[in-house]
Amino acid sequence: MARLILLPGKERSVLRRHPWIFAGAVDRLDGRARPGDTVEVSAADGRPLGRAAFSPQSQIRARVWSFDPEETVDDAFFKRRVAAALARRAALPGFAGEQGLGAARGERGFRVVHGESDGLPGVVADCYGDTLVVQLTAVGADRWRRAIVGALVLATGCRHVYERSDADVRRLEGLQPETGWRLGGPAVAEGAEPAATDAPPLSISENGVRMHVDVVGGHKTGFYLDQRDNRLLVGQLAAGRAVLNCFCYTGGFSLQALAGGAASVLSIDSSGPALATAAANLALNPQLPAERAEWREADVFSELRALKNAGARFDLIILDPPKFAPSAAHAERAARAYKDINLLGFRLLAPGGLLMSYSCSGGIGVEFFQKIITDAAVDAGREARIVRRLAASPDHPVALAFPEGEYLKGLLCQAD
C-alpha cells in the first residue's frame, strides 16, 4: 500500500478527525496509487494516522476512510459502516417506532448514509419505501461502488436501487456522471433493459401528507429529505395565516401549510414541471383544501417585487432558494442574492409575521447568513428577532470534526 506523507504540522487536522486532506498539506506519495486506491496516511515524522482514498485530480487529495491505521478497507468495512449508520438512525426518537425499520421504510423517506458524517466520504444514500437512491461523489466511493451498494441492500432490504451520481462535484474528482438502475427498476419486457428515464411510481408519507418522489429526474436524490422537520414546523405555524412559499419546487412546504390550516397558500417557482408535480401532490391528498392553494410560475425575484408593488402582505413567508454559493469563492455574489430576496420578504411581511429563510450554500456560513438576514431587515426598516434556528433533519447528522457538513442553515424570524 502506498503512503501519503504530510508536511510538518499538517497532521493536526487529521488528529482532530477531519476527513479531508488537501493537496497543500501533502509532502509526497511514497509508492504508486491509482485514483480511488486506499493509501496509508502518515505524519512527517512517520506516525501512522489512518487510511484514505487517494484522489490525485482533486484539491481534496485524500478522504479518510478510517482514523485507525490498522483498519482494513474492504467489503466488510463498508458493511460495518452502513450498519452503524442505520443503527444510529434507528436510535433517534420517533424514527422507526415500535415496528422497527420496516415500518419506517414503508411509510416515508429517510437518509441512510450522510457522507463524511457517517464515516463514508462521498457516499449519500436515501431510502424511499422499497427504493434506495445512491449518490457517489468522490473517486474513492466510486471505486468501491459494488461493495457500497451491496452493503446498503443488505442493511436496508430494499429491492430497487437507482444511482444518481450526477452531481457536478464528480468532475473535480475526474469522474463522469453515472446514473441508472443498479438493482430492480421498472417492469420491462423479458430481455430488455429499463430506459434511463423510467421509474416505478413512488410516493412517501411525510407528516401525514403524501408526496410523489421522482428518483430519476427529481432534484438531489428525488426529494428534499433534509427539510422534513422544517416542513412539519410550517404545518404547526400555518393555522389561519396567509402563507407565501417561494422556490416551492414540488410543494412540500405548501402542502404542510394547508394541512396545518393555512387560510391561503401562494406558491411560486420558475419551473413549470415542478409546479405540475406540486399540483399532482395536492391531488394525491384529497383531505387538503385545494381551493386555498395557488401555484404561480414566475421568476421569484421579479414576482416578489410585483407583489410588493401591489401592496400584498403575508403572515408566513418561506424562502428556500437553490444553492447560490457552491463554494466560498461565490459567497459575495450569493450574499447579494440572499439579501435581495430577504429584503423583499421583510417588506411583504405583515406586522407580527414570520419569515422562514434558508441557505443550502456550503460557501455561506451560519454567522454570515445571519448577518445577511440582519442587513435585509435593517434595510427593510423592520425590527425582527430570531425565534428559532433551523437545520437539516436528524438523519442528516453533522460530525463535530466536520463542520462543512452543516450545509443547510435557516432562521425563523418574527417582525414587529
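Rules and cut-offs
Residues numbered from 1 in each chain as written. Predicted model: local features only at pLDDT ≥ 70, side-chain atom pairs only at ≥ 80, totals over all residues. Heavy atoms only, no water. Helix = DSSP H or I, 4+ residues; strand = E, 2+ residues; numbered from the N terminus. Rg over C-alpha atoms; globule rule 2.2 N^0.38 Å. Buried < 20%, exposed > 50% of the residue type's maximum accessible area, 1.4 Å probe, protein only. Contact = heavy atoms within 4.5 Å. Areas by Shrake-Rupley, 256 points an atom, 1.4 Å probe, with all protein chains shown as cover. Pairing = 2+ DSSP bridges. Axes fitted to C-alpha atoms, helices over the stretch in contact; angles between N-to-C directions. Polar contact = N/O pair within 3.5 Å; in protein donor to acceptor, adjacent residues only side chain to side chain. Phe/Tyr/Trp six-rings, centres within 6.5 Å; stacked < 30°, edge-to-face > 60°.

Colleague: Any details on the overall build of the chain? Residues and values, ideally.
Modeller: Each helix and strand counted, the chain has eleven helices and 20 strands in total. In terms of overall dimensions, the chain is globule-like: its C-alpha atoms have a radius of gyration of 23 Å, near the 22 Å expected for 416 residues. In terms of its C-alpha atoms, the chain occupies a principal-axis envelope of roughly 70 × 55 × 40 Å. The proportion of buried residues among the 416 residues of the chain is 53%. Summarising the internal contacts of the chain: among those between residues at least 6 apart in sequence, 63% fall at separations of at least 24. As displayed, the chain offers around 18200 Å² of accessible surface, 51% of which is attributable to carbon and sulfur atoms.

Colleague: Outline the sheet that holds strand 19 (residues 384-391), listing residues and values.
Modeller: With respect to topology, seven strands assemble into an open sheet ordered 16-15-14-17-18-20-19, the strand pairing being mixed. Edge positions in the sheet fall to strand 16 (293-297) and strand 19, since each of these pairs with one other strand and no more. Each adjacent strand pair in this sheet contributes to an overall mean axis angle of 15°, direction not counted. Summarising the sheet, strand 14 (residues 242-246) and strand 17 (residues 314-319) pair through four bridges and their orientation is parallel. Considered in strand 17, the bridge of Val-243 is made with Leu-316. Packed onto the sheet, helix 6 (residues 228-237) meets strand 17, strand 18 (349-359), strand 19 and strand 20 (409-415) and runs at close to 170° relative to strand 18. Across the face of the sheet, helix 8 (residues 272-283) comes into contact with strand 15 (264-269) and strand 16 while running at roughly 165° to strand 16.

Colleague: Describe the side chain of Asp-126, naming the residues involved and giving the relevant values.
Modeller: For Asp-126, the location among the structural elements is in strand 8 (residues 123-128). Using a relative accessible area of 0% as the deciding quantity, one classes Asp-126 as buried. A distance of 2.7 Å separates polar atoms of two side chains, one belonging to Asp-126 and the other to Arg-111. At 2.5 Å, the side chain of Asp-126 forms a polar contact with the side chain of Thr-221. Contacts of Asp-126, omitting those with residues within four sequence positions, involve Phe-110, Arg-111, Val-112, Thr-131, Leu-132, Val-133, Thr-221 and Leu-225.

Colleague: Lay out the packing of aromatic side chains with the relevant residues and their values.
Modeller: In total, this model carries eleven aromatic pairs according to the counting rule given. Plain terms: the ring middles of Tyr-224 and Tyr-249 are 5.4 Å apart, the flat faces sit at 85° to each other, and that makes the pair edge-to-face. One end of the pair, Tyr-224, is in the loop between strand 13 (209-212) and helix 6; the other, Tyr-249, is in the loop between strand 14 and helix 7 (252-259), and 25 residues separate them in sequence. The exposure class assigned to Tyr-224 is partly exposed, which follows from its relative accessible area of 27%. A residue is classified by how much of its surface remains accessible, and Tyr-249, at 13% relative accessible area, is buried. When the ring of Tyr-338 is compared with that of Phe-369, the centres are 6.0 Å apart and the planes differ by 85°; the resulting orientation is edge-to-face.

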